[in-house]
Every structure is written in C-alpha cells, then in structure tokens.
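Per-entry structural report
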Amino acid sequence: METADFVIIGSGQGGVPLAAKLAERERRVVIFERAAWGGTCVNTGCIPSKTLLASAHAAVAARNAASLGVHADVKVSFKAVMNRVRDSIQPEGIVKWLNSVDAELVEAEAGFIGSHTVRGGDTTVEAETIIINTGKSPFVPDIPGLADTPYLTYQNFWELETLPERLVVIGGGYTGLELAQAMQRLGSQVDVIEVVDRLVAAEEQDVSQALQAALEADGVRFHLGANVEKVAYRDNLFEVGVDTAVTPLTSNALLVATGRRPNVEALNLTEWGIELDEKGHIQVDDQFRTTADSVYAIGDVTGQPAFTHVSWEDHRRLLAILDGEERHRGDRVLGYAFFTDPQVGRVGKTIAQAQEEGISAREATLPLENVSRAAATGHDHGFYRLVIDDDTDRILGATIVGPQAAELVHVILAHMEAGSTWQLLERSQHIHPAYAEDLPTLARQLA
C-alpha cells in the first residue's frame, strides 16, 4: 500500500488544477481517473459541443447573409465538421501537465476501502486528505424499450460519422437545445420532446419563449408537455412513442438529454461516514468538507451548478481553505450561459428569486430591437434585463438574450463583484455602436 499527502478522485476541471498546484508544492499527490483525463468538459462537454456549434452557427450565418445583401451557396461536410470536433478533444494535454509536476496518475475506478484509504485497480493509497471530484454522468430515464436501442447521450454523440436525416432529442434543457439547433443547422430534421410545457424551465418564461421561437425559425419541431411512453429500434430506425402524438416519431438517431446524475456508485461512501443528499449528491459544508474528517468534495458531484467555471473556481477556494484562509464556496457571483443562437447570459438572481428571498427588488428590460448594433447586424431578437435591490440600489442580477450574451453578461458580473449600484452602470460611457452600448441605457430605465 502506498501513502500520499493527497488523493484526488476524478480529473475534472477542479481536480486537475488542484492536483497540479499541490504537486508543485512538492506534496505527494495521487489522482485517479476511471475514464478520460480531463473529465466531461474536455472530452464530451464544453469543448466538443462548442466546436460543433461553431460550424452550425457559421452555416446559418452564411445562409442568412442574403438579408444583408450577401448571397452564398452553403454546403456542409458533416464528416469534416465531426473530424474537427473530435480533433478538439485533447486529454493528452491534461496528462502532460500532471506528469510535468510529478503527480501520480492512476487510470482506474477508485473507491474507499477505509476512512482514508482508496483503492483503484491494483493501486491502494492511504492519504491524510482526500478530495472527491467525480462529477456527473448522463441520467437516462427508465423508458420501456430504450435500453435495447443504440441511443445517444452527450458522451457518445461525438462518435457520429454521418448526418442523421432525422433526429429526435428527449429533453429541452440547454444541452438538448444546443445540440438540437446545431444538428438542424447542419442539415438534420430535429424533433425535441420535453415533459414540461416549456423549454429550459428553470429560466424565466420569456427566455423559454425566445429560444423556442429561434429554434422553430430554424425548423426544429417541439413536443411540449409530452411524455415518451416507449422506444423501439427496427430496420435502423427509432420509433419514439409520445403520449401527445397519434403515431410514433421516427428518426435515424435518438439523443437522450434528460439531465445528469452524480457519480458516486463506486465510491463506497456511506460505509465510511460520507453522507449523500436526497438526490445522491455528496453533502458538503460551505468549505467543501464532507461528513468525514479531512475528506472534501468539489464540483458537480456536490450538487453545485454543473458548469466548468464553477468547478475550476472550487479548486481555488479549496486550495485557499487548505492554506488556512477564510474562503467559502459561496463567495462569488455565479454567471453562466447557453450557446444557442440567440445566446443566453445569466448572472445572479432573477426578480422572482430575489422576491422569494424577501428582497425588495425591481427590474428593467430593454428589447434588443432598441439596440443600435442589433439593427445594424440584423440580429434583433432578444432582450437585456437588470434586477436591482430597491433598498440599496445594488445590482442583483441580469438576463441577456441575444448575440454575444455570454460575453456581455460579464459586464454585469464585474459590477456585481465590485458591489456596484445601477447608478454606476447608468453613468458609464459605453462604446457606440457596440452591443454593450445599451447596458447603461438599460440601467437608465430605473431612474
């Protein structure tokens, strides 16, 4: 049995930089990974999906350029698109980094065999401190017949070699919508099935409406408030039975995008006093401590928002905590984005969330059609929204729907980190005619 200062289970976007920085301090670090080094983001999530979207959005930009007086004959080589996507997946960079700092890499599924002892494959390690960073995997619902079919999830979607003529997507969350829009723009006919009556139901109603309208304009068909009753696969075709349709939907490919579940099964946690919540996430306190001494957990597996930047920031906070600093996992302003077209950028609270917390809040909304840059580019579907605390004038949150929303929302995020009021944003001079020019205009509505 080996001994180490730190064992890290999982090589996601929190575990890898944490392992590297601890090893750079000449601490003995062993990191286990059961699948691909780098976790979801590098291999099956952010990197391949945004690479695919770049091709899809380029195709539609060329097709739609006629409205600007530019005419193009657009042909998509799906093989070339997917080769580029697969080329973007480079876990070897993670391995090179960890090897360069002398961390020990173990390619095996790990689990606890003692309070501070972990075994994976032929390697058993006892460590003073253990950090769990195992992330999540696709949740696949128990639909009759589904398990007997070659369905896709975001994990194996990137293996597609030919463009499916028809694609059915089960799930109307942001992952399902990004991939649905991409495939529609690349040439598939896409149907999306969502069990509730609107898309991305955790977002505000008009965000759902804007995304539905945009994807329908692309040609995506929606089946909302619909349940999948059964799935069959015959003669290379899927038959998807939906309770709102008289006949099954047929397709050449089926993508299941119904959420994610924490990767905890192999860890053997409860036997060693590490408790889970009702959804199977590892319970942690505000400093990432589990219910076992000197065992920490970071990232998606704790039930935090499942975004790469959240896990990355977790590692910085945990490193500071291990150094004795007073950091905690909530000492940041949370922002995120969907990379559909239009993009959705979100930061902080919506007005409903603020009011649920007892905050006296109000909001201002500016339709994108009133933004000069939007008129010039022909991309005028969406809106800017700002939420403020009416007692302190501080900015509480923002929702931006439109071009470059993922970039624009950082303006508000920075104001929030600085504790700004809406008056500071209002008196700022932004550049004409940039999309960001009208963020101060948005704030002026609160005067």
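A short tour of the structure in this document, coming up. (Residues numbered from 1 in each chain as written. Predicted model: local features only at pLDDT ≥ 70, side-chain atom pairs only at ≥ 80, totals over all residues. Heavy atoms only, no water.)

**Description of the pairing of strand S14 (residues 253-256)**
- Residue alternation in S14 divides its side chains into two sets, Ala253 and Leu255 and Leu254 and Val256, and both sets are buried.
- Sheet analysis places strand S8 (residues 166-170) next to S14, joined by 4 bridges and oriented parallel. What sits directly across from valine 169, in S14, is leucine 255. (Buried < 20%, exposed > 50% of the residue type's maximum accessible area, 1.4 Å probe, protein only. Helix = DSSP H or I, 4+ residues; strand = E, 2+ residues; numbered from the N terminus. Pairing = 2+ DSSP bridges.)

**Regarding the nonpolar core**
- The biggest cluster of nonpolar side chains holds 39 residues, and the ones touching the most others in it are Leu52, Phe157, Val169, Met183 and Val190.
- With 6 residues, helix H6 (residues 174-186) is the single largest residue contributor to this core.
- If near-sequence neighbours (up to four positions away) are discounted, valine 190 is found in contact with Leu167, Val169, Ala180, Met183, Gln184, Gly219, Val220 and Arg221.
- Within the second largest apolar cluster, 27 residues are counted, among which are Leu386, Ile400, Trp422 and Leu446. (Core = buried A, V, L, I, M, F, W, Y, C linked by side-chain atoms within 4.5 Å. Contact = heavy atoms within 4.5 Å.)

**Concerning the environment of glycine 348**
- By the secondary structure assignment, glycine 348 is in strand S18 (residues 343-348).
- Overall, glycine 348 belongs to the partly exposed group, its relative accessible area being 27%.
- Taking C-alpha positions, glycine 348 is 36 Å from glutamate 159, a pair spaced 189 residues apart along the chain.
- Ignoring any residue separated from it by four or fewer positions in sequence, one finds glycine 348 in contact with Leu334, Gln353, Leu396, Gly397 and Met416.

**Here's the deal with unusual backbone geometry**
- The peptide bond linking aspartate 341 to proline 342 adopts the cis configuration, its omega dihedral lying at 5°.
- Here proline 342 is to be found in the loop between strand S17 (335-338) and S18.
- A positive phi angle is found at phenylalanine 288, which is not glycine, with a value near 70°.
- Under the relative-accessibility criterion, phenylalanine 288 is labelled buried at 0%.

**Observations concerning the pattern of salt bridges**
- Evaluated as defined, the whole model comprises 26 salt bridges.
- Aspartate 390 serves as the salt-bridge partner of arginine 362, at 2.6 Å between the closest nitrogen and oxygen. Within this pair, whereas arginine 362 is found in strand S19 (residues 361-367), its partner aspartate 390 is found in the loop between strand S20 (383-389) and strand S21 (395-402), the two being separated by 28 residues in sequence. (Salt bridge = Lys/Arg side-chain N within 4 Å of Asp/Glu carboxyl O.)

**So, the state of the cysteines**
- Under the counting rule described, the total for this entry stands at 0 disulfides.
- Between cysteine 41, a cysteine without a disulfide, and cysteine 46, which holds the nearest cysteine sulfur, the sulfur-to-sulfur distance is 3.2 Å.
- Owing to a relative accessible area of 11%, cysteine 41 belongs among the buried residues under this scheme.
- Here cysteine 46 falls in the partly exposed class, since its relative accessible area comes to 29%. (Disulfide = S-S within 2.5 Å.)

**Concerning the sheet that holds S20**
- Ordered by their spatial adjacency, 5 strands build an open sheet running S17-S18-S21-S20-S19, and the pairing between neighbours is antiparallel. In this open sheet, the two edge strands, each paired with only one partner strand, are S17 and S19. Strand after strand, the sheet turns through a mean of 10° between neighbouring axes, direction not considered.
- Where helix H11 (residues 405-417) meets the sheet, its contacts fall on S17, S18, S20 and S21, and the angle it forms with S18 comes to roughly 10°. (Axes fitted to C-alpha atoms, helices over the stretch in contact; angles between N-to-C directions.)

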